[in-house]
Amino acid sequence: MKATTITISIICLISLMLNAQEIQFEQHVITDTFIDGFDVSAADVDQDGYMDILGCGKESGGKVCWWQNNGDNTFTQITLKQGFAGARSIRAGDINGDLGIDIVCAAWQANKIVYFKNDGNENFTEIVVDDDFKGAHTLDLKDVNGDGYLDIMCSGFDYYGHNGEIAWWENDGQDSISWTKHLISDRFQQSPFIFGEDMDNDGDIDALACGELNNEILWWENDGSGQFISENMVDSLFYTAHTVIARDVDMDGDMDILGAGCMNSKLAWYENDGNQQFTKHSLAPLGGDLWLDAYDLDNDGDQDLIAAGMSASNLKWFENDGNQQFTKHNVDGGFASGFAIVPVNMDTDGDIDLLAIGYSSDMISWFENDLDSTTSIGQYAFSPEKTVLIFPNPCSEFLNIIAGTQGKMKKISIFNSSGQMIRALYSNDQNTKIWSEDFIKGMYFLNIEYKDGKVLSSKFIKQ
């Protein structure tokens with residue numbers, strides 16, 4: 001009996017070793033001269049099928065740029081604005097419903113939120129959303145009132161006074177967009193982060209935010225029309241709370257919370273019990289912890305974590321064993337003082353790479369995930385029309401995916417034009433229908449993982 005048990009254990013161990021996917025990241029430097037960079041994000045700005053990069057920082061009195069991907073992962077830097085004091089946060093999305101990718105930036109010293117309208121040929125016109133929002137710090141673009149248009153959410157980091165707010169600006173849906181400000185809360189003097197997500201599974205966008213001086217993390221419930229009807233404490237003792245992001249870390253169907261606290265080097269995730277009662281799980285710190293997010297980096301079906309810290313010499317990722325026990329690893333390549341780290345498929349090879357900005361290193365880099373030979377660069381070209389059938393495209397209420405001779409699908413991941421995953425679903429068939437009625441108008445990307453491990457990419461438009 002003992003010998004049998006040992007044999008079974010050895011077989012299981014070998015099986016685990018064979019199935020384990022040890023990943024490494026190769027650093028590709030975009031620039032090492034972007035002085036005191038604060039924020040970075042990714043979007044296919046010119047809609048050519050390749051992810052571009054957006055960044056902002058202190059250079060030239062406050063600089064806002066995007067880096068156009070030339071198709072071979074070399075990049076051309078394009079400056080949108082200089083002299084934008086305290087340029088702190090940058091996001092992209094189709095703001096005016098014309099299917100072009102626009103850019104939004106917030107500056108905490110200038111107290112401004114601006115919107116760069118794309119004419120479809122990457123000629124941008126600057127439009128002021130708000131020129132007196134104290135300490136405009138971190139942005140999120142979500143459809144807060146459910147009218148089909150992206151609204152703007154922003155946190156206020158009032159360094160000098162006591163006028164910090166978190167708020168959202170209503171998009172009227174017209175090409176000449178006018179913006180109506182709606183206050184969510186003024187309980188924070190310094191709120192460095194806001195994130196919009198459906199926290200209570202009722203189909204609308206709630207607000208998640210934190211306060212760096214009062215050490216709080218809270219979420220506010222949306223009644224569906226953009227009115228926030230309740231204030232809910234998650235943690236009142238998370239010291240110098242800086243970043244809060246909502247992800248389904250344990251993949252149980254509800255949103256958990258990821259938090260980073262910079263001055264006291266705190267990292268934690270908060271487990272949602274399904275009724276918005278949260279249990280805190282602390283993680284090993286990096287040093288000056290500024291960012292914590294989640295994505296399945298090793299394609300083993302669970303959510304890993306990625307982190308950056310202003311005092312850390314490396315970016316980190318936390319490998320999930322499937323039971324939310326995490327092992328910390330360095331992301332290869334020296335990268336000091338990370339301020340933001342974003343999961344994004346930069347090379348369209350089916351696995352998730354990382355994009356990061358470093359403050360003291362003046363660096364923006366992307367880190368190529370070498371997952372395995374079946375998903376490495378060059379194995380599968382970006383030619384979706386030859387590999388999978390997607391219709392109707394553009395779509396309205398639903399989208400059909402037919403794999404045909406490719407075999408049975410395993411997992412379908414949907415990303416918006418900013419590279420954010422908005423939905424993941426599992427399939428055990430060659431044909432799948434996705435309901436898209438609640439998607440915002442714009443372009444989306446699909447990663448389709450098959451039973452045999454092959455990963456293919458495609459894209460569609462929601463009209």
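Calculation notes
Residues numbered from 1 in each chain as written. Predicted model: local features only at pLDDT ≥ 70, side-chain atom pairs only at ≥ 80, totals over all residues. Heavy atoms only, no water. Helix = DSSP H or I, 4+ residues; strand = E, 2+ residues; numbered from the N terminus. Contact = heavy atoms within 4.5 Å. Areas by Shrake-Rupley, 256 points an atom, 1.4 Å probe, with all protein chains shown as cover. Pairing = 2+ DSSP bridges. Axes fitted to C-alpha atoms, helices over the stretch in contact; angles between N-to-C directions. Phe/Tyr/Trp six-rings, centres within 6.5 Å; stacked < 30°, edge-to-face > 60°. Buried < 20%, exposed > 50% of the residue type's maximum accessible area, 1.4 Å probe, protein only.

Participant: Before we go on, may I ask you to explain the overall build of the protein in this structure?
Facilitator: The number of helices and strands found in the protein is one helix and 35 strands. Long-range contacts, defined as pairs at least 24 residues apart, comprise 46% of the intrachain contacts of the protein with a sequence gap of at least 6. Only carbon and sulfur atoms are counted for the fraction: they give 47% of the accessible area of the protein, which is about 18400 Å².

Participant: Mind showing me how you'd approach the sheet that holds strand E31 (residues 409-416) here?
Facilitator: Pairing between sheet strands relies on hydrogen bonds along the backbone, with the strands arranged either parallel or antiparallel. What the four strands build is an open sheet, ordered E32-E31-E34-E35; its pairing is antiparallel. Each edge of the sheet is formed by a strand with only one pairing partner; in this case those strands are strand E32 (421-426) and strand E35 (455-462). Averaged over all adjacent pairs, the angle separating strand axes in this sheet is 20°, with direction ignored. Bridge count for strand E34 (residues 442-450) against E35 is eight bridges, and the pairing is antiparallel. Bridging from a neighbouring strand, Met443 pairs with Ile461 of E35.

Participant: Help me understand the packing of aromatic side chains, please; the structure alone is not making it clear to me.
Facilitator: In this description, an aromatic ring pair is defined by two values, namely the gap between the centres and the angle between the planes. For the structure on display, the rule yields 20 aromatic pairs. An angle of 55° between the planes, with centres 5.7 Å apart, marks the rings of Phe38 and Phe339 as tilted. Here Phe38 is found in strand E2 (residues 37-43), whereas its partner Phe339 is found in strand E26 (residues 338-344), with 301 residues between them in sequence. Classification of Phe38 by relative accessible area gives buried; the value is 9%.

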